[in-house]
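# What the coordinates show
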Amino acid sequence: MQRHKPKRPGPGAGLRKPNGVKGPAGKDKFNKHKKRPNNPKNEEHSKSKLAATELEIQQLQAKYEEINADEIKIFKHFPLSQKTQKALAEFKYTNPTPVQRESIGPALLGKDVLGAAVTGSGKTLAFLIPVLEHLFINKWSRSDGVGAIIISPTRELAYQIFETLKKVGKHHDFSAGLIIGGKNLKFERTRMDQCNILICTPGRLLQHMDENPLFNTSSMEMLVLDEADRCLDMGFQKTLNSIIENFPPDRQTLLFSATQTNTVQDLARLNLKDPVYVGYGNGEGTPTVTSSSSISVTESRAVLKVPELLQQSYVVLKLEDKLTMLWSFIKNHLKQKIIVFVSSCKQAKYLYEIFCKLRPGVGLLALYGTLHQDRRIAIYEDFLRKSHVVMFATDVASRGLDFPSVNWVVQLDCPEDVSQYIHRAGRSARNKSRGECLLVLTPSEEEYMIGALKEQLNLDIHCVQIDPKKLFSPRVKIEAFLAQFPELRATAQRAYLAYLKSVFLMRNKRLFNVFSLDLDAYAQSLGLAVTPRVPFLEKFLWRQKQLQKSKNTQDDEVPELDEKKVLPKLSKSQAFAASEDDDDDGDDFIKLKRRDHEVEGGPIDLAEIDIKKENADDDDDDANKEEDEATDELLVVPKREKLVTKAALAKKALKKNLQVNSKLKFDDEGETVANVRNQMKSLVAKNQKNQDKHKDDDGGISLVLSKNLMAEEDEYDKQRFRELVKKRHKIQREKLRKKAERQQAEEEDDEAEAQTAVADGDDGDSDSDHSVDLSWLPDPDKIYSKKPTTSEPNNQRHEKVPESESASEDDDDEDDQDEPVHKKSKLTHKMNLLDTEAIAANLLGS
Ligand SMILES: Nc1ncnc2c1ncn2[C@@H]1O[C@H](COP(=O)(O)OP(=O)(O)OP(=O)(O)O)[C@@H](O)[C@H]1O
């Protein structure tokens, strides 16, 4: 059945793009057309353009019925608009992939399509080309509103589809909008009604439907669900049902996924009419078209496949050895692009942080749902660009993301089922490229998981034995880092709990058994010296015990529940704590990732567990939102005695007005050191001290105030220091002056003695007449002034007052006066030219 909108008058195919909304088209063109006055030439031109478009549309439509998938070898063989063909050629899309060959034809004819094809086989183009062609054929214009809505389960995938649409719709003028959580809601609100193609995540779309009066989907003619099985699973059930209610029933629906849905209910919900199945049926892996007049999905199952060029292997390890294995693996693959999948964001965060500290020698990234949206997109683009990098990711990155040249996918935590395995593994070996996938299993997971893979995928996956010589344990370093950084330790504790919760909440209890894990060993492997308590397990055990007791009272013959059997490997600390009624730490609010499952293989009744909030996984924010609403029966835990905490005791003491102890500091001599605040001398500090006295101490400090106080104090300290220096110099100068006076007095005494001797005619020594008078020579023990007073005779200059002394008379505040005296004395020992001349003249004269 071909459902085409009646051709409508309008400005023709594509002349607009709403202001500010990113899209494949430019809006300037439209505005120019609007402003331009009616020019007969322009009118003629646009008329002929319209006529050409009309003719092109008629010719294309005529060819739709003749499309034969087997004959299509290149895109040119498809009756596609010139604008689409041009863009395809520009981006080197020449030959359609099998899923494109099979699905584009029926989609162009307006049929509903269920497309299943291996990961990386080009499903995005398989639905984007029909969307563009549909709007083109129907001459969609801005005034026609939303024509097609594409729904993706994750924001990154929606962003990626949007980017591909920008490429392939480059020459069309339709407007497109990316409507995902974490973006500006107001901005989207004002622009949405002007978009022709919307790419959205379910939660955000529903939010607009509910809150945005401008948003109207009555014109919508095409609905696409990418990763349809995920969109339709119970995580999104309520949201998607509400969304679908708002859509016109007479629309075309395209569903695509590598693991397609095959439940009758899903297809009925979507109101599919005569759907065409692509990639269902023969089990050979080549997509086949099966037209059916009624939905009989039991006969046709989507073919589950992994890419042909993907090499798969698995390794069996104890949980506590995973980190060592991962570290060794990364160290051995430094020149590769690797994605490591874990089951919770807290694990991804911890691995990223601890590996950053360990520095493996390759770039590291982490992509998980609790990051800010802009950061998520930045990391996504970073990983796209880089060629040697390791990215720790949750399943938010497992579906649809098209990272080029990923060498390895490491599934560090066991996938929930075969579908999840396929999607994770499919991030590598995309579009005929090679890649490898390593699945890490614990001994208890091996049998079930490998059995399921072999059965459902017909896989011959081989087990890898690890060479112990190639294992390097980073345990000691990790422990050291955790001891050094308390925040990192807290992240490790959260990662530990998050992993246990994810295992505990898995539906398949035969595959995931939290009680088979050695929790102490696991905690140690993360670098934790003490095994953290696991409140939700304690609560669960308590509940089990209560159930057992009530059963026993009803039927005495039933043996009592043996706790050791229920919790074979639960650490001693937990077993002990579990037996007591302990306090909640607020960390036991748990949110199920998926709620469409029955619990398999175990005695655990999940409905009775307190399920509220947890980010064990973040596969999609919208799914989580819905799951939040699905909070169930609360576990009734009896009231317990209140714990006496330090904070409570402190409060009690404060109430009683008890004198709180004050802190005293002592120096090395045992003297008390005064409070620093009390020593502050500046005016501001004193004022502040007074204010503090009249104010209750709220325990905090004001950084701004403290900064000002310190600046003031600093000024005060500097001034005090200057004064001290001056004082010291003064004392030094005084000492020197006294010394000089003493020496002068001694010399005068000597001279007087000598003169007395001459006057007495004492020539005791015959040589004395001939002896030279050297009394005028400078005394080497004295300090001489640098600048002798010119008015004084040369021979007296040497007797001048030492410089320091004269300086003291000049100016005490001179900077150079502060220099230590012993330095200056060295300088003054250098005689100037006049001194030397005087000496020479005296010598000659004598
Ligand atoms: N006809 C084509 N020729 C060449 N490359 C193509 C063609 N179609 C798609 N591709 C490229 O193949 C890669 C994978 O395409 P796409 O992401 O659509 O795969 P997918 O089937 O949606 O994968 P997944 O199941 O993981 O979502 C992309 O890089 C895309 O550009």
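Residues numbered from 1 in each chain as written. Predicted model: local features only at pLDDT ≥ 70, side-chain atom pairs only at ≥ 80, totals over all residues.

## Describing the overall build of the protein chain
Check the secondary structure of the protein chain and you find 30 helices and 17 strands. A burial count over the protein chain gives 37% of its 846 residues as buried. Relative to all contacts within the protein chain whose residues are 6 or more apart in sequence, the contacts with residues 24 or more apart total 75%. (Helix = DSSP H or I, 4+ residues; strand = E, 2+ residues; numbered from the N terminus. Buried ≥ 20, exposed ≤ 12 C-beta atoms within 10 Å, placed from the backbone. Contact = placed C-beta atoms within 7 Å.)

## Here's the deal with the nonpolar core
Ile199, Val224, Val340, Ala393 and Val410 are the most contacted members of the largest nonpolar core, which has 149 residues in total. If you count residues domain by domain, this core takes at least three from each of domain 1 (50–290) and domain 2 (310–526). In this structure, Val340 is in contact with Leu326, Val390, Phe392, Ala393, Val410 and Leu412, ignoring residues within four places of it in sequence. (Core = buried A, V, L, I, M, F, W, Y, C linked by C-beta atoms within 7 Å. Domains from an automatic or database assignment.)

## Details of the environment of Asp520
Its place among the elements puts Asp520 in helix H19 (residues 519–525). Residue Asp520 is classed as partly exposed on the basis of its C-beta count, with 18 C-beta atoms lying within 10 Å. Residues Asp520 and Thr531, spaced 11 residues apart in sequence, show a C-alpha to C-alpha distance of 5.6 Å.

## A look at helix H3 (residues 82–90)
All of the buried residues in H3 are Lys83, Thr84, Ala87 and Leu88. All buried residues of H3 lie within an arc of 130° about the axis, which places them on one face of the element. On its buried face, H3 sits against helix H5 (123–137) and helix H6 (155–168). Downstream of H3 by a residue or two, Lys92 has a phi angle that is positive, lying close to 65°. (Arc of directions from axis to C-beta.)

## Overview of the site of the ligand
Taken together, 19 residues lie around the ligand, and Gly122, Lys123, Thr124, Gly400 and Asn431 are the ones closest in. In terms of residues, the shell around the ligand owes the most to one element, H5, which gives 3 residues. For the shell around the ligand, the residue count by class is 5 nonpolar, 11 polar and 3 charged. When residues of the shell around the ligand are assigned to domains, at least three fall in each of domain 1 (50–290) and domain 2 (310–526). (Near = placed C-beta within 6 Å. Nonpolar A, V, L, I, M, F, W, Y, C, P; charged D, E, K, R; others polar.)

## Comments concerning the pairing of strand E1 (residues 113–116)
By the alternation rule, side chains of E1 split into Val113 and Gly115 and Leu114 and Ala116, which are all buried. Looking at chain direction, E1 and strand E6 (residues 252–257) are connected through 4 bridges and run parallel. Looking at the pairing, Gly115 lines up with Phe256 of E6. Across 3 bridges, E1 lies against strand E7 (residues 276–278) in parallel orientation. Its bridge partner being in E7, Gly115 is matched across the sheet by Val278. (Pairing = 2+ DSSP bridges.)

## Focus: the environment of Arg489
Looking at the secondary structure, you find Arg489 in helix H18 (residues 486–505). By C-beta crowding, Arg489 is classed as partly exposed, having 19 other C-beta atoms within 10 Å.

## Comments concerning the UniProt feature "domain: DEAD-box RNA helicase Q" (unreviewed entry) in the protein chain
Mapped onto this structure's residue numbering, the UniProt feature "domain: DEAD-box RNA helicase Q" (unreviewed entry) falls at residues 73–101. With 45% helix and 0% strand, the stretch residues 73–101 has end C-alpha atoms that lie 8 Å from each other. (UniProt positions renumbered as here; feature names shortened; annotations may be inferred.)

## Notes on H5
For the α-helix, the turn length of 3.6 residues means that residues three or four positions removed from each other point alike. With 15 residues, H5 should cover 21 Å at 1.5 Å per step; its first-to-last C-alpha distance of 22 Å lies within 8% of that length. Judged by how many residues are buried, H5 sits mostly within the fold: 15 of 15 residues are covered. After H5 finishes, the residue Lys139 shows a positive phi value of roughly 50°. (Expected span 1.5 Å × (residues − 1).)

## Re the confidence of the model for the protein chain
Taken residue by residue, the protein chain gives an average pLDDT of 76. The fraction at 70 or more is 68%. Per-residue pLDDT stays below 50 along residues 283–300; that stretch engages in 34 contacts with residues further than four places along the chain or on separate chains. Low pLDDT, under 50, characterises residues 758–771; the predicted model gives this stretch 3 contacts beyond four residues in sequence or across chains. Interface predicted TM-score (ipTM) for the complex: 0.99; the corresponding pTM is 0.65. (pLDDT = per-residue confidence, 0-100.)

## A closer look at the pairing of strand E10 (residues 337–341)
With 5 of 5 residues buried, E10 is to be regarded as a mostly interior element. Neither face of E10 is exposed, since Lys337, Ile339 and Phe341 on one face and Ile338 and Val340 on the opposite face are all buried. For E10 and strand E13 (residues 408–411), the ladder comprises 4 bridges, and the chain directions are parallel. Bridge pairing in E13 links Ile339 to Val409.

## Quick notes on the packing of H5 against H6
Two measures define how a pair of helices packs: the angle their axes make with one another and the distance between the axes. In contact at an axis separation of 10 Å, H5 and H6 are set at 55° when each is read in the N-to-C sense. Judged on the interaxial angle alone, H6 and H5 are oblique. Remark: the crossing between H5 and H6 carries right-handed chirality. Seen from H5, the contacting residues are Thr124, Leu125, Leu128, Ile129 and Leu132; seen from H6, they are Ile161, Thr164, Leu165 and Val168. Split into classes, the residues belonging to the contact of H5 with H6 amount to 7 nonpolar, 2 polar and no charged. (Axes fitted to C-alpha atoms, helices over the stretch in contact; angles between N-to-C directions. Parallel < 35°, antiparallel > 145°, perpendicular 65-115°, else oblique. Left-handed = near helix turned anticlockwise from the far one by under 90°.)

## What to know about unusual backbone geometry
For Glu227, which is not a glycine, the phi torsion comes out positive at approximately 50°. Tracing the chain through its elements places Glu227 in the loop between strand E5 (222–226) and helix H9 (228–232). Looking at Glu227, the number of C-beta atoms within 10 Å reads 25, which means it is buried. Although it is not a glycine, Ala429 sits at a positive phi angle of roughly 50°.

## Regarding the sheet that holds E13
Taken together, 7 strands build an open sheet; the order of strands is E11-E12-E10-E13-E14-E9-E15 and the sheet is parallel. Looking at strand neighbours, the two that pair on one side only are strand E11 (363–367) and strand E15 (462–463), the edges of this open sheet. As paired elements, E10 and strand E12 (residues 389–393) share 5 bridges and run parallel to each other. Bridge assignment links Phe341 to a residue of E12, and that residue is Ala393. Where helix H14 (residues 373–385) meets the sheet, it contacts E11 and E12, and its direction lies at approximately 135° from that of E11.

## Considering the environment of Phe256
Relative to the elements of secondary structure, Phe256 occurs in strand E6. Residue class for Phe256 comes out buried when judged on the 25 C-beta atoms lying within 10 Å of it. As for Phe256 and Asp226, which are separated by 30 residues in sequence, their C-alpha atoms are 5.1 Å apart. When residues no more than four places from it in sequence are discounted, the contact partners of Phe256 are Gly115, Lys123, Ala126, Phe127, Asp226 and Ala228.

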